Amino acid sequence: MATGRISLAIVTCTALLLLPGIDAQVFDPMVICQGKPDDTTVMNPVSCDLFMLCKNNLPAETGQCPDNMLFNAEAGYCDFPNNVDCGTVPRPPGFEQTTGTPMVPTTTPTPEITETPGESCPEIDDPVVPTYLPVLEDCSLYVLCYHGNPLTMKCPAGLEWNIAESTCDTPENAKCQAIFKDPYGCPEDGIVFLPHPDECRKFVFCLNGISRVQICQMFKLFDPIVGECVVGTC
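Residues numbered from 1 in each chain as written. Predicted model: local features only at pLDDT ≥ 70, side-chain atom pairs only at ≥ 80, totals over all residues. Heavy atoms only, no water.

The name recorded for the protein in an unreviewed UniProt entry is Chitin-binding type-2 domain-containing protein, from Anopheles atroparvus.

Draft legend 1. Layout of the sheet that holds strand S13 (residues 210-215). Pairing within the open sheet is antiparallel, and its three strands lie in the order S11-S12-S13. Looking along the sheet, the strands with just one partner apiece sit at the ends: strand S11 (191-195) and S13. Strand-to-strand, the axes of this sheet are offset by a mean angle of 25°, without reference to chain direction. As paired elements, S11 and strand S12 (residues 202-207) share five bridges and run antiparallel to each other. Note on S12: the bridge partner recorded for phenylalanine 193 is phenylalanine 205. (Pairing = 2+ DSSP bridges. Helix = DSSP H or I, 4+ residues; strand = E, 2+ residues; numbered from the N terminus. Axes fitted to C-alpha atoms, helices over the stretch in contact; angles between N-to-C directions.)

Draft legend 2. Layout of the state of the cysteines. Tallied over the full model, the rule gives eight disulfides. Disulfide pairing is shown between cysteine 65 and cysteine 78; the S-S distance is 2.1 Å. Around the S-S axis, the bridge from cysteine 65 to cysteine 78 shows a dihedral of about -85° and counts as left-handed. Within this pair, whereas cysteine 65 is found in the loop between strand S3 (58-64) and strand S4 (70-72), its partner cysteine 78 is found in strand S5 (residues 77-79), the two being separated by 13 residues in sequence. Both residues of the pair, cysteine 65 and cysteine 78, count as buried. (Disulfide = S-S within 2.5 Å. Buried < 20%, exposed > 50% of the residue type's maximum accessible area, 1.4 Å probe, protein only.)

Draft legend 3. A look at the packing of aromatic side chains. All told, the structure shown has seven aromatic pairs when counted by the stated rule. These aromatic residues form a ring-pair network of at least three members: Phe193, Phe203, Phe205 and Phe222. (Phe/Tyr/Trp six-rings, centres within 6.5 Å; stacked < 30°, edge-to-face > 60°.)

Draft legend 4. Geometry of the nonpolar core. Counting 21 residues, the largest nonpolar core has Cys48, Cys65, Met69, Leu70 and Tyr142 as the members making the most contacts within it. When contributions to this core are tallied by element, the ones reaching two or more residues are S4, strand S7 (141-146) and strand S8 (149-154). Take this core: its biggest share by element is three residues, from S7. Per-domain counts for this core show at least three residues from each of domain 1 (28-91) and domain 2 (131-174). (Core = buried A, V, L, I, M, F, W, Y, C linked by side-chain atoms within 4.5 Å. Domains from an automatic or database assignment.)

Draft legend 5. Representation of the sheet that holds strand S1 (residues 41-43) in the model. As summarised here, the arrangement of the three strands in space is S1-S2-S3, forming an open sheet in which the pairing is antiparallel. Only two strands of the sheet have a single partner each, and these edge strands are S1 and S3. Here the average twist between neighbouring strands, direction ignored, is 40°. As judged from the three bridges shared by S1 and strand S2 (residues 50-55), these two strands associate in the antiparallel manner. In the strand pairing of S2, methionine 43 is matched with phenylalanine 51.

Draft legend 6. Highlighting unusual backbone geometry. The phi dihedral of aspartate 39 is positive, around 75°, even though this residue is not glycine. Summarising the element assignment, aspartate 39 is placed in the loop between helix H1 (2-18) and S1. Take aspartate 39: its relative accessible area is 47%, and that puts it in the partly exposed class. Of note, the phi angle at asparagine 57 is positive, near 70°, even though the residue is not glycine. Turning to its location among the elements, asparagine 57 is positioned in the loop between S2 and S3. Asparagine 57 sits in the partly exposed class, given a relative accessible area of 30%.

Draft legend 7. Inspection of the pattern of salt bridges at higher detail. Tallied over the full model, the rule gives two salt bridges. One salt bridge connects lysine 55 with aspartate 39, and the closest N-O pair in it is separated by 2.7 Å. One end of the pair, lysine 55, is in strand S2; the other, aspartate 39, is in the loop between H1 and S1, and 16 residues separate them in sequence. Residue lysine 55 is classed as partly exposed on the basis of its relative accessible area, which comes to 29%. Close ionic contact of glutamate 199 with lysine 202 constitutes a salt bridge, the shortest N to O distance being 3.4 Å. (Salt bridge = Lys/Arg side-chain N within 4 Å of Asp/Glu carboxyl O.)

Draft legend 8. Examining the environment of threonine 88 more closely. Secondary-structure assignment places threonine 88 in the loop between S5 and strand S6 (132-134). We classify threonine 88 as partly exposed; its relative accessible area is 47%. A sequence separation of 41 residues divides threonine 88 from serine 47, and the C-alpha atoms of the two residues are 9.8 Å apart.

In structure tokens:
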């Protein structure tokens, strides 16, 4: 049994030596987790957006950072590229391969910070299982929770956020509108008229789960009993 472990270590280390830019002494799989508490995350030598989870002083699981992020070995979590020094570890496709300068991804998150109504980011992030939230107003956007803060990210052109798979996907697979819960409480099917929650002269027109705020004509307000605008004042 001991001979098998030694052979596996030799084969693994040899494979690491064949990878360009990899330091086998730093990334020896039999040493990299030694002395580290369970659930410690360490850099995966294959790519700078990958990491490994330590258990019983050995690598037990592997994980991948969200899109447009790299693993920060010093901090022990996924981070934005300009905060990460990959050293000699290869960067994934779409990131600049130069050294000594910040890495820039091909796409960048939108600067707006928002949260989905009724949902919020946890105060403590799990680097192994990132938390994502949908954006009700736009199927092409999603929220990545980063150190308790909601960061709005945008899918590539033509793709929408798939809640079930936690990834950007084709509209046919994402089925965005069918999954999202309308903020005004519109039913998934049919045509319904609902009162506006704040203004009596407005109402909500629901069409197959999608809401559209409408306004009554002058001198009219929305009557929720009859479901239409009637003459009157608020």
